[in-house]
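Working through the structure, step by step
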Amino acid sequence: MNRMTAAKSIDWDAVRGDFPVFERQVNGKPLIYFDSANTGQKPRSVIETVDDFYRRHNANVSRAVHTLGSEATEAYEGARKRLARFVNVHPDELLLCSGTTFAINLVAYSWALPRLKPGDAILLTRMEHHANIVPWQLVAERTGATIKVAEIAPDGTLDLASLYAAMTPEVKLLGVAHVSNVLGTVNPVREICREARRRGIATLVDGSQALPHRPVDIAAIGCDFYAFTGHKMCGPTGTGALWARKEHLAAMPPFIGGGEMIKEVRFEGTVFNDAPHKFEAGTPNIAGHIGLGAAVDYLGALGMAQVEAREAELLAHLNEELAHIDGLRVFGTAKEKAAVISFLVEGAHAHDLATLLDLEGVAVRSGHHCAHPLMRFYGVAATCRASLAFYNTHHEIERFVAALKKVRGLLA
Ligand code: PLP
C-alpha cells in the first residue's frame, strides 16, 4: 500500500467527529483550525479520560496505599508504559515532564552544565525553536562553551554539508529538530545522529513536531536524548517526556530536588531514587499524563502511518490550491515536509492577515513562531502559518483558500 491508499482506508469524517471542538463556530462560521503546530485539538476519549480521573480516581501517585492512590499510580505508570511503547523505548528511560521546553532544560542543566568547559561547543541548526536555543545559550554562558550553527538552504532544507563540516572535535552536543515548526522540513535525524555518534558527539532531537504527525521509533533514530510535548499530539497541555539513554540517566544528577525523587533523606545527605523517578520531583501532572496515555491509544488505533499519509494528501491539496494565489510567498518547500505552510501575502502584514482570517472562522498563527534566527534568515519579522492535522478536511482547505483570497483583496 502506498501512502495515499493507506490514508483512504479510514473514515476521516468519522475521525473528525471524535473532536468536540469542531462542533463550534467562530465569528458565525464553522471553525477551521489550522494551528495544530501550536497545539493540537483533543479527541473525546482524552477529554473523558481526564474528566473520569478527577471524578473517580483522583489521588496522588506513589504515596498512598489506599485504593484511589493505587488506582492513580497504576493509571499514571500505565500511561508511561503506553507512551514508551508508542515510541519504542523502555519506560524506565522515559521521564515524564511538562513538555519539550522542560525536557531540553533538563538535559542542559543535568547533562551539559556539569560537563562542558571553555573551548567546548554546542551545535544547533538555523531552524531550531527557541526552546532548543535559549537553554544552550544559558549553559554556554555559565560554562564558557560556544554555540555553532548549521545553516539551511533557501528552500528550508538543512544543509547537511554545513552540518557535518561543523561537527568538529570541540562539539560535545548537537541539538536538532526532527521536524521544523515553521518550515515543516523533516530532517534525516537517523543519518544525522549516526554521523554525530561517529564523531563522539551526543545528540538531542526535538521531536515536538514529529510525534503528532508520523511514526517515530526513537530507538531506531540512535540519538542520546529525544524530547517531546504531549499537547501537540492530542494530549493535555503541561505533558510531555524526555527519553534519554540509560547510561546518561545513571550519570546525570537530578535537575530539581524534592519528594518522590529520593530513596532516603538525611540532613547529612540524600540517596536518590532510580530513573525515571530521580528526575520527577514533586507531584506530577497526573491527570494530564493519564490523558496523554489516552491520546497515544487514540493515535495508535488510527495508526501513525495512516496519519502521515492523510496529512501528506492534505498538504498536496493545500499546495495545489495556494499555487493559484498571486503574490503569495511560501517559506519552506523541502521535499520531505510535514503539513505546515508558512506564508506571507505581498503588501500585507502577517498579523493583519491572521486577524482577518479569524473573522472568516480560520485559525492560523502569525508571528515569529519562536524562531527568530529563522525569521532573520528569510529577512522577515513574522509570517502566517497554516498547520494541519489529520482531522482537517479537503473542504476546509478550499474554504481557507477562498478566505485568503477575500482577505488579500481587502488588504490590497
Ligand atoms: N520545539 C518545537 C519544534 C516546537 O514547535 C515547540 C512548540 O511550539 C517547542 C519546542 C516547545 O514546546 P513546549 O512549549 O510544549 O514546551
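Owing to the predicted nature of the structure, the values given are computational and were not obtained by experimental measurement.

1. What about the site of the ligand?
Every residue near the ligand is listed here: Thr100, Thr101, His129, Ala131, Asn181, Asp206, Ser208, Gln209, Thr229, His231 and Lys232. Between the ligand and aspartate 206, the relevant distance is 2.5 Å, taken from a nitrogen atom to a side-chain nitrogen or oxygen of the residue. In the environment of the ligand, an oxygen atom lies 2.6 Å from a nitrogen or oxygen atom belonging to the side chain of lysine 232. Here the ligand loses 87% of its free accessible area of 400 Å² to cover by the protein chains. For the shell around the ligand, the class distribution of residues is one nonpolar, eight polar and two charged.

2. Re the sheet that holds strand 6 (residues 146–150)
Ordered by their spatial adjacency, seven strands build an open sheet running 4-10-9-8-7-5-6, and the pairing between neighbours is mixed. Each edge of the sheet is formed by a strand with only one pairing partner; in this case those strands are strand 4 (94–97) and strand 6. Here the strands of the sheet are splayed against their neighbours by 20° on average, with no regard to which way each runs. By the bridge criterion, five bridges tie strand 7 (residues 171–177) to strand 8 (residues 202–206) in an arrangement that is parallel. Residue leucine 173 lies in a different strand from strand 8, and its bridge partner there is alanine 202. The strands touched by helix 5 (residues 100–112) within the sheet are strand 4, strand 7, strand 8, strand 9 (225–229) and strand 10 (240–244), with strand 9 carrying the most contacts at an inclination of about 150°.

3. Quick notes on the pairing of strand 6
As paired strands, strand 5 (residues 121–125) and strand 6 are joined by five bridges and run parallel to one another. From the neighbouring strand, threonine 125 faces strand 6, where its bridge partner is alanine 150. With helix 6 (residues 134–143) bridging strand 5 and its parallel neighbour strand 6, the resulting β-α-β unit is right-handed.

4. Structural notes on the sheet that holds strand 13 (residues 328–331)
Strand order in the open sheet made by the four strands is 13-14-17-16, with antiparallel pairing throughout. A single partner strand is all that each edge strand has here, and the edge strands are strand 13 and strand 16 (365–367). Between one strand axis and the next, the sheet turns through 30° on average, direction left out of account. Where strand 16 and strand 17 (residues 383–387) come together, three bridges link them in antiparallel fashion. Residue pairing across strands places glycine 367 opposite threonine 383, the latter belonging to strand 17. Running at roughly 20° to strand 14 (residues 340–345), helix 15 (residues 394–411) makes contact with strand 13, strand 14 and strand 17 of the sheet.

5. Brief notes about the domain arrangement of the protein chain
Annotation of the protein chain at the domain level lists domain 1 (3–30 + 303–411) and domain 2 (47–300). Relative placement of domain 1 and domain 2: their C-alpha centres are 28 Å apart. With 32 residues of domain 1 at the interface, the matching set in domain 2 holds 31 residues. Across the domain 1/domain 2 interface, buried area totals approximately 2,600 Å², and carbon plus sulfur atoms make up 60% of it. For the pair domain 1 and domain 2, the number of links is one salt bridge. The shortest N-O distance in the salt bridge between glutamate 308 and arginine 214 comes to 3.1 Å. At the boundary of domain 1 and domain 2, one finds 19 residue pairs in polar contact (both at pLDDT 80 or more). Looking at the side of domain 1 that touches domain 2, the elements with two or more residues in it are helix 12 (304–322), strand 14 and helix 14 (372–378). The biggest single contributor to the side of domain 1 that touches domain 2 is helix 14, with six residues.

6. Concerning the packing of helix 12 against helix 15
The N-to-C vectors of helix 12 and helix 15 enclose an angle of 25°; their axes lie 10 Å apart at closest approach. Here helix 12 lies roughly parallel to helix 15, going by the angle between them. Considering only the axes of helix 12 and helix 15, their crossing is right-handed. Facing helix 12, whose interface residues are Arg310, Glu313, Leu314, His317, Leu318, Glu321 and Leu322, helix 15 presents His394, Ile397, Glu398, Phe400, Val401 and Leu404. Split by residue class, the contact of helix 12 with helix 15 holds seven nonpolar, two polar and four charged.

Rules behind the numbers
- Residues numbered from 1 in each chain as written.
- Predicted model: local features only at pLDDT ≥ 70, side-chain atom pairs only at ≥ 80, totals over all residues.
- Heavy atoms only, no water.
- Near = heavy atom within 4 Å.
- Polar contact = N/O pair within 3.5 Å; in protein donor to acceptor, adjacent residues only side chain to side chain.
- Areas by Shrake-Rupley, 256 points an atom, 1.4 Å probe, with all protein chains shown as cover.
- Nonpolar A, V, L, I, M, F, W, Y, C, P; charged D, E, K, R; others polar.
- Pairing = 2+ DSSP bridges.
- Helix = DSSP H or I, 4+ residues; strand = E, 2+ residues; numbered from the N terminus.
- Axes fitted to C-alpha atoms, helices over the stretch in contact; angles between N-to-C directions.
- Contact = heavy atoms within 4.5 Å.
- Right-handed = clockwise from strand over helix to strand, strands pointing away.
- Domains from an automatic or database assignment.
- Buried area = accessible area lost by both parts, 1.4 Å probe.
- Salt bridge = Lys/Arg side-chain N within 4 Å of Asp/Glu carboxyl O.
- Parallel < 35°, antiparallel > 145°, perpendicular 65-115°, else oblique.
- Left-handed = near helix turned anticlockwise from the far one by under 90°.

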